[in-house]
Amino acid sequence: MNGLCGNLLNPPFSHIYIERDITDHPNTIKILSHFPKSRQVLIKHYKDIFCRSRQNYSLQKQSQNLILAKKRSPFIYQGSPLCQNFGNPNFYYANMAINCVFHCEYCYLQGMYPSANIVVFVNLEDIFDDVRMLLKNCPVYLCISYDTDLLALEKFLGFSEKWFEFAGFYPHLTVELRTKSANWSSLEKFTPQENIILAWTLSCDRVWEKYEHGTPSPMQRLNCIEKALAKGFQVRICFDPIIYIKDWEKQYRELIETVFLKLPADKIKDVSMGSFRIPCGYLKNMRKNKPYSSIINYPFRAANDVYTYPSDLSDKMNSYIHGLLKKYIPEEKIFLWNN
Amino acid sequence: MIMIFTALYCEAKPLIRFFGLKKDPGFIRFQVFRNEDIILLITKPGIANAAIGVTHLCSVYPPGPSDLLLNIGICGAKNRDMPIGTVYLCNKIYEMETGFSFYPDMIYAHPFEESGIATNSSPVLEKHTEHIPENLTDMEASGVYRAGMLFFQPHQMFFVKIVSDHFQLDKIDSNIVNELIQQNISEIAAWITRLHNRMINTPPLFTPDEENMLAEVSKNLRLTVSMQHQLRQAMRYYKLQYGSFSEHLSSFFEKEDILPIENKYERKKCFERLMREFT
Ligand code: SF4
């Protein structure tokens, strides 16, 4: 493993790789207009660059490039059992971007993908078509910001806005847009929709300082949530993943107290919580990429190909935090991820 | 180590002089020149020769994570607005015969122009230029990349090409090539050396003393292989979180008065206590 000291790196998005097939797509043209100084490199297929072998994820993360591509079928995936479905049986997710501008040390994306470069699939219309097809059969609960933070990319992507417009036509569609951003300048332009849930992940200060590099502070996120609630957006708060740190009880207690001091609990749609868990293969890759990250080097226990904290610890964390949340939020609105 | 590959001696000569490289008599099939930090091999022209040359040198001196590969040489340019003598760092290598493209990582800042390059196994003539999908052409880059990727990560490989002609091959000779490299060598050398100097080899997390201590604990507790892995992982976490585990581990054994371990049951109990203490 090696690193590089000093600033010899290109700035983020110094290079934009563009699939030949989508050079004329309106979203491509719009995105490129935000990066007039970037070098453009034409490619045949995004995997030619994204899936090269032996890439250095950590180094790429320090100088991320952008890849504009066309999403090919499948456009919609069944939700993972490691994710909450909030009681929705028809739980799906869609990927219109891969990877994230933030850098959370515990993020599973580092273990899932071979590259840290950000891929954006510009043909949103094909995903919309697939959602329309699905909606013909059943109501759909769709998470659109799993393998990225879509709202953090909004300034140059504009995809969240398009989802707000789209969802307005389909009452049987419920969309979850998960984020750690505090991008109020984008959000304030949207009209709140009953069927779009803005789901903010919140972590305690200690976890944010040490492990969530580049993300807005919990207080910045809270300020944004406060404005979103006031404007009438549907808001979900996610204490997920809960990370074990030395004084986790104090840290999470303070976080939860701050949250409900600042936010009107009755306006929050629901709350989710769950301790850190990750597929074994992903963690193995993450440890290889980041051998000096303490958080991912915790000696997790493996069961059914998933690493979690030892059950006594995760039970203790879950029941403590659940107990705190119950003081503010009715129990039926608290969704706990459990093994 | 910086591993430099050129196709021709006239491309290598200014580098050999500049870096003060000496011929390595240990190599018979290729001309190899080196000093302490740099090793240069002349591959001879062509994709296959380039790949064989890279594989040969990297097999003798397997590169590590802080080593770099530099392919340097002349190239043809399609457009007249790419003047002779301009230095390019290649961000894409297109192999004409197969249609494959290769992409070195463009992570590091550099002072050069950038372009894609098409590699062909024979020289490209002016009348054929409309079939070339990139602005530059050479005869080695894809071979160097293909072989290089067996030994290096994509961010460790650099393809620096200097425009020598606009597909009028009759106008270049070894003196011109020598001159073109010579004119640009100081800038290229300064850049690659600065990059190489900043590459850090990260030392292993555990010191030799800590390794000994872990081996001793494993022996005294008669740990299974799986338990040894778990122990290492717990100590790794503890060290990353708190800086060191040695003192705490010693005092754990003094305080707990566990040893010697008589049977599997005792081992299991002790191991569980140990894991609880350090997580
Ligand atoms: S914000 Fe979410 S997607 Fe982005 S790095 Fe953090 S955990 Fe990963």
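Just so we're clear, the structure is a prediction, and the values are computed from it rather than from any experiment.

Novice: Would you mind going over the overall build of chain A with me for this structure?
Specialist: Along chain A, the regular secondary structure elements total 13 helices and 19 strands. For chain A, the C-alpha radius of gyration of 20 Å lies close to 20 Å, the compact-globule estimate for 339 residues. Along the first, second and third principal axes, the C-alpha atoms of chain A reach 55 × 50 × 35 Å. Considering chain A as a whole, with its 339 residues, one finds that 60% of them fall into the buried category. The contacts in chain A between residues at least 6 apart in sequence include a share of 77% that link residues at least 24 apart. When the accessible surface of chain A is totalled, it reaches about 13,800 Å², and 51% of it is carbon and sulfur. On chain A, the mean spot of the 41 positive side-chain charges and the mean spot of the 33 negative ones are 5 Å from each other.

Novice: Is there a simple way to think about the sheet that holds strand β16 (residues 277–279) of chain A in this case?
Specialist: Residue and element names in this part refer to chain A. Taken together, the three strands give an open sheet; going across it, the order is β16-β18-β17, and neighbouring strands pair in antiparallel fashion. Whereas interior strands pair on both sides, the edge strands pair on one side only; in this sheet they are β16 and β17 (301–303). Averaged over neighbouring strand pairs, the angle between their axes works out to 30 degrees when direction is ignored. Across three bridges, β16 lies against strand β18 (residues 306–308) in antiparallel orientation. Counted as the bridge partner of Pro279 is Val306 from β18.

Novice: Could you clarify how one ought to interpret the domain arrangement of chain B in this entry?
Specialist: Where interface size is quoted, it is often the accessible area lost as the parts come together. For chain B, the domain assignment lists domain 1 (2–200) and domain 2 (208–278). On a C-alpha basis, the centroid separation for the pair domain 1 of chain B and domain 2 of chain B is 51 Å.

Novice: What is the right way to look at the interface of chain B and chain A in this model?
Specialist: Of the residues lining the interface, 41 residues belong to chain B; the matching set on chain A comes to 43 residues. Of the roughly 3,700 Å² buried between chain B and chain A on both sides combined, carbon and sulfur atoms contribute 50%. For chain B, the biggest contributors to the area lost against chain A are Tyr103(B), Ile107(B) and Arg198(B); these three give 18% of the whole. Along the contact surface separating chain B from chain A lie two salt bridges. Across the pair Asp105(B) and Arg52(A) runs a salt bridge whose closest N-O atoms are separated by 2.7 Å. Linking chain B with chain A are 20 residue pairs in polar contact (both at pLDDT 80 or more). Looking at the side of chain B that touches chain A, the elements that each hand over two or more residues are β6 (87–95), α4 (174–198), β11 (199–201) and α6 (225–242) of chain B.

Novice: Would you mind showing me how to read empty space enclosed by the protein here?
Specialist: Regions of empty space are outlined by a rolling probe, equal in size to a water molecule, passed over the atoms. Residue and element names in this part refer to chain B. In total, this model carries three cavities of 30 Å³ or more according to the counting rule given. In this model, the largest cavity occupies a volume close to 40 Å³. If you trace the largest cavity, you find it lined by Leu89, Cys90, Pro104, Asp105, Met106, Ile107, Tyr108, Met157 and Phe158. Secondary structure elements with two or more residues in the lining of the largest cavity: β6 and β10 (157–165). The residue makeup of the lining of the largest cavity, split by class, is eight nonpolar, no polar and one charged.

Novice: What am I meant to see in the side chain of Glu105(A) here?
Specialist: Residues and elements named next belong to chain A. Relative to the elements of secondary structure, Glu105 occurs in the loop between β8 (103–104) and α4 (109–112). Among buried charged residues, Glu105 stands out as having no salt bridge; its nearest opposite-charge side chain is Lys290, 5.1 Å away. In this structure the side chain of Glu105 is engaged in a polar contact, spanning 2.5 Å, whose partner is the side chain of Ser293.

Novice: Please explain the packing of helix α5 (residues 208–220) of chain B against helix α7 (residues 246–256) of chain B as it appears in this structure.
Specialist: Helix packing geometry: the angle between the two helix axes and the distance between the axes. Residues and elements named next belong to chain B. At a minimum axis distance of 11 Å, the contact between α5 and α7 shows a crossing angle of 25 degrees. On the basis of their axis angle, the class for α5 and α7 is roughly parallel. Handedness of the α5/α7 crossing: left-handed. On α7, the residues touching Glu210, Met213 and Val217 of α5 are Ser246, Leu249, Ser250 and Phe253. Of the residues contributing to the contact of α5 with α7, the split by class is four nonpolar, two polar and one charged.

Novice: I would appreciate a short explanation of the pattern of salt bridges in the present structure.
Specialist: Opposite charge on two side chains permits pairing when their charged atoms draw close. Considering all chains together, one arrives at 19 salt bridges over all chains under this definition. A salt bridge links Arg277(A) to Asp240(A), with the nearest nitrogen and oxygen atoms 2.9 Å apart. Of the two residues, Arg277(A) is situated in strand β16 and Asp240(A) in strand β14 (residues 234–242); the sequence distance between them amounts to 37 residues. An identical accessibility class is assigned to Arg277(A) and Asp240(A); each is buried. Among the salt bridges present, the one from Lys161(B) reaches Asp138(B), with a minimum N-O distance of 2.8 Å. Within this pair, whereas Lys161(B) is found in strand β10, its partner Asp138(B) is found in strand β9 (residues 136–138), the two being separated by 23 residues in sequence. Of the two residues, Lys161(B) and Asp138(B), both sit in the buried class. Beyond isolated ion pairs, a larger network of salt bridges with shared partners links Glu176(A), Arg178(A), Arg236(A) and Asp270(A).

Novice: Explain helix α11 (residues 248–262) of chain A here, please?
Specialist: Given 3.6 residues per turn, any residue in an α-helix points the same way as the ones three and four places further on. Residue and element names in this part refer to chain A. Between its first and last C-alpha, α11 extends 21 Å over 15 residues, near the 21 Å set by a 1.5 Å rise per residue. All of the buried residues along α11 are Trp248, Gln251, Tyr252, Leu255, Ile256, Val259 and Phe260. The buried residues of α11 all sit within an arc of 150 degrees when viewed along its axis, so they share a single face. Residues of α11 that are buried sit in contact with α9 (205–211), α10 (218–231), β14 and α13 (311–326).

Novice: Can you help me understand the layout of surface pockets in this one?
Specialist: Residue and element names in this part refer to chain A. Looking at the largest pocket, its volume works out to about 840 Å³. Cys83, Cys107, Tyr108, Tyr146 and Arg178 are, among the 35 residues lining the largest pocket, the residues nearest its centre. Elements with a minimum of two residues in the lining of the largest pocket: α3 (57–62), β8, α4, β11 (173–179), β14 and β16. When its residues are assigned to classes, the lining of the largest pocket shows 18 nonpolar, ten polar and seven charged.

Novice: Teacher, can you tell me more about the site of the ligand here?
Specialist: All names here are of chain A. Near the ligand you find Cys100, Phe102, Cys104, Cys107, Leu109, Thr148 and Lys180, and these make up its full shell. The site holding the ligand turns out to be the largest pocket. For the shell around the ligand, the per-class residue count stands at five nonpolar, one polar and one charged.

Novice: Would you explain the state of the cysteines in this entry?
Specialist: Here, disulfide denotes a covalent bond that connects the sulfur atoms of two cysteines. Here the structure, examined in full by the defined rule, presents zero disulfides over all chains. Looking at Cys58(B), it has no disulfide partner, and the nearest cysteine sulfur is the one in Cys90(B), 18 Å off.

Novice: Just checking my understanding: could you explain the packing of α10(A) against α11(A) for this structure?
Specialist: Residue and element names in this part refer to chain A. Where α10 meets α11, the closest approach of the two axes is 10 Å, and the angle between their N-to-C directions is 30 degrees. Taken together, α10 and α11 sit at an angle that is classed as roughly parallel. The chirality of how α10 crosses α11 is right-handed. Contacts from Met219, Leu222, Asn223 and Glu226 in α10 reach Thr258, Val259 and Lys262 in α11. Grouping the amino acids of the contact of α10 with α11 by side-chain chemistry returns three nonpolar, two polar and two charged.

About the criteria used
- Residue positions are counted from 1 within each chain, in the order its sequence is given.
- Think of it this way: whatever chain is written first is A, whatever ligand is written first is 1, and the rest follow in order.
- Where totals are concerned, whole chains, interfaces and linings use all residues; where local detail is concerned, this predicted model gives features only for residues with pLDDT of at least 70, and gives and counts side-chain atom pairs only at 80 or more.
- For side-chain calculations, the full set of non-hydrogen atoms in the structure is used, while hydrogens and water are omitted.
- Numbering of helices and strands runs from the N terminus; a helix is a DSSP stretch of H or I covering at least four residues, while a strand is a stretch of E covering at least two.
- Put simply, the radius of gyration uses C-alpha atoms, and a globule should come to 2.2 Å times the residue count raised to 0.38.
- Exposure is judged per residue with a 1.4 Å probe applied to protein chains only, and the accessible area is read against the type maximum: over 50% gives exposed, under 20% gives buried, and values in between give partly exposed.
- Throughout, a residue-residue contact means that at least one pair of heavy atoms, one from each residue, lies within 4.5 Å.
- Each accessible area value is a Shrake-Rupley result obtained with a 1.4 Å probe; residue values ignore everything except the protein chains displayed when judging cover.
- In this tally, Asp and Glu contribute negative charge and Lys and Arg positive charge; neither His nor the terminal groups of the chain are included.
- A charge is said to be at NZ when it belongs to Lys, at CZ for Arg, at CG for Asp and at CD for Glu.
- Any two strands with at least two DSSP-identified bridges between them are counted as paired.
- Structural elements are reduced to axes, namely lines fitted to C-alpha atoms, with helices fitted over the stretch in contact, and the angle between N-to-C directions of any two is expressed from 0 to 180 degrees.
- An automatic or database domain assignment supplies the residue ranges for each domain.
- Defined here as a combined quantity, buried area equals the accessible surface (1.4 Å probe) lost by two parts on assembly, summed across both.
- Throughout this description, the term salt bridge denotes a Lys or Arg side-chain nitrogen within 4 Å of a carboxyl oxygen of Asp or Glu.
- Polar contacts, as counted here, are pairs of nitrogen or oxygen atoms within 3.5 Å of one another; within protein the pair requires one atom able to donate a hydrogen and one able to accept it, and residues that are adjacent in sequence qualify only if both atoms are side-chain atoms.
- Put plainly, a pocket is an open set of points on a 1 Å grid over the protein atoms alone with protein on both sides within 12 Å along at least five of seven lines, a cavity is a set where a 1.4 Å probe fits but cannot get out, and a lining residue has an atom within 4 Å of a point.
- Grid points are joined across faces, edges and corners, and a volume is the space filled by probe spheres set on the points.
- Throughout, the ten residues Ala, Val, Leu, Ile, Met, Phe, Trp, Tyr, Cys and Pro are labelled nonpolar, Asp, Glu, Lys and Arg are labelled charged, and all others, Gly among them, are labelled polar.
- To sort the angles, those under 35 degrees are grouped as roughly parallel, those over 145 as roughly antiparallel, those from 65 to 115 as roughly perpendicular, and the leftovers as oblique.
- By convention the crossing between two helices is left-handed if the near helix lies anticlockwise of the far one by an angle smaller than a right angle, and right-handed if it lies clockwise.
- The span you would expect from a helix comes to 1.5 Å times its residue count less one.
- In this description, one arc is meant: the one made by directions from the helix axis to the C-beta atoms.
- We define proximity as follows: a residue is near a molecule or strand when any one of its heavy atoms falls within 4 Å of that partner.
- More than half of a molecule's atoms lying within 2 Å of a cavity's or pocket's grid points is what places that molecule inside it.
- Cysteine sulfur atoms that come within 2.5 Å of each other are treated as a disulfide pair.

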